[in-house]
Amino acid sequence: MSPKVVLLPGDGIGPSITDAVVRILAAAGADVDWETPLAGATTAESEGAPLPDRVLDAIRRTKVGLKGPLTTPVGKGFGSVNVRLRKELDLYASLRPVRTMPGVPSRYENVDITVVRENTEGLYSGIEHVVIPGVVESLKIMTTPACTRICRFAFEHAKKIGKTKVTALHKANIMKLADGLFLDCFYEVAKDYPELESGDLIIDAACMKLVMQPENFEVVVMENFYGDIVSDLCSGLVGGLGVTPGANIGNDTAVFEAVHGSAPDIAGLNMANPTALLQSAVMMLNYLGQNEVADRILAALEKTLGEGIMTGDLGGSAGTTEFTEAVVTRL
């Protein structure tokens, strides 16, 4: 029986890039049975929630999801769908592999960094309230179990992908208790992996070094808020969010996603770039054990980009449909 996967097309350009990815996976012979419940801005209007409970229940049942970009209003409206997904399903590890892609213009060559971000607590959780009018308090809550498991995930993943160095990013010089706890957990976990090099950097110094010498980094691990920023910074090293995949992983459930926005201004214009979501789908296939199909898709994608066939956001002239068919042809 084919594995069931919940497909959330998303908002804006989401439906067009998910259609492209489904087309490519089918052409490659991926063994996937899609289940597509409605979610996003449409259900926010019709059902009062962008992520109805039935969608969460579907992912709990299938254990795997692939998600296009979902809109989150800025400063008003409903809360982040992504944050709720991660919390409700305990998808505690955000995994963002960032590497140079053939033919994609960028300032650097041979970048290969994996960003591991704690996904369930820290400042990014959005726990905040008004103390008195004009004064807002935001809480950064850190716990030993969450810090320990994300650090262990980083070391385990480094071993799995053949890396030799894991670096913790923090601000323990200022947040001595919260980030100090994270750092203590990191080095406690590091004792179990003597074969891997472990070290740490203060987050601001790390950002400087990332843009000066990205080749010195392999796997980096950090708390939620820092990870949100650093993962996008690293994407900028290789051409932007349009070529960077992402996954949110728990103990027995995983949701793979496009990490870029929904770009409503180009929705329906055949201009969207499916590369990021396609690479996320490749990660999903590897997660499902379909490694041969995943490798073929990735090779076809790299060949397409290497031949200069790319969408407008990367400086090319191909539309979404043309780019998709080019990848299919090269499978």
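Everything discussed here concerns the structure shown above.
Bear in mind that the values here come from a model prediction, so they are computed numbers and not experimental data.

Asker: Explain the pairing of strand 6 (residues 128-132) to me, please; I cannot follow it from the model alone.
Answerer: The two faces of the sheet receive side chains in turn, since in a regular strand these alternate between them. In terms of strand pairing, strand 6 meets strand 7 (residues 135-138) through 4 bridges, oriented antiparallel. Looking across to strand 7, one finds that Glu 128 is bridged to Ser 138.

Asker: Help me understand the environment of Val 327, please; the structure alone is not making it clear to me.
Answerer: Looking at the secondary structure, you find Val 327 in helix 11 (residues 320-329). For Val 327 and Ile 132, which are 195 residues apart along the polypeptide, the C-alpha to C-alpha distance reads 56 Å. Excluding residues that lie within four positions of it along the chain, Val 327 makes contacts with Ile 24, Leu 278, Ala 300, Leu 301 and Thr 304.

Asker: Looking at this structure, I do not really get unusual backbone geometry. What am I missing?
Answerer: Excluding glycine, residues mostly carry a negative phi; peptide bonds, for their part, are mostly trans. Of note in the backbone geometry, Lys 63 takes a positive phi value of approximately 75 degrees without being a glycine. Here Lys 63 shows up in the loop between helix 3 (53-62) and strand 3 (64-67). Overall, Lys 63 belongs to the partly exposed group, its relative accessible area being 32%. Phi is positive for Ala 263, close to 40 degrees, though the residue is something other than glycine. Assignment of secondary structure puts Ala 263 in the loop between strand 12 (254-258) and helix 9 (275-287). For Ala 263, a relative accessible area of 25% corresponds to the partly exposed category.

Asker: Looking at this structure, I do not really get the environment of Leu 139. What am I missing?
Answerer: In this structure, Leu 139 sits in the loop between strand 7 and helix 5 (144-160). Under the relative-accessibility criterion, Leu 139 is labelled partly exposed at 30%. Ignoring sequence-local partners within four residues, the contact set of Leu 139 consists of Gly 122, Leu 123 and Ile 127.

Calculation notes
Residues numbered from 1 in each chain as written. Predicted model: local features only at pLDDT ≥ 70, side-chain atom pairs only at ≥ 80, totals over all residues. Heavy atoms only, no water. Pairing = 2+ DSSP bridges. Helix = DSSP H or I, 4+ residues; strand = E, 2+ residues; numbered from the N terminus. Contact = heavy atoms within 4.5 Å. Buried < 20%, exposed > 50% of the residue type's maximum accessible area, 1.4 Å probe, protein only.

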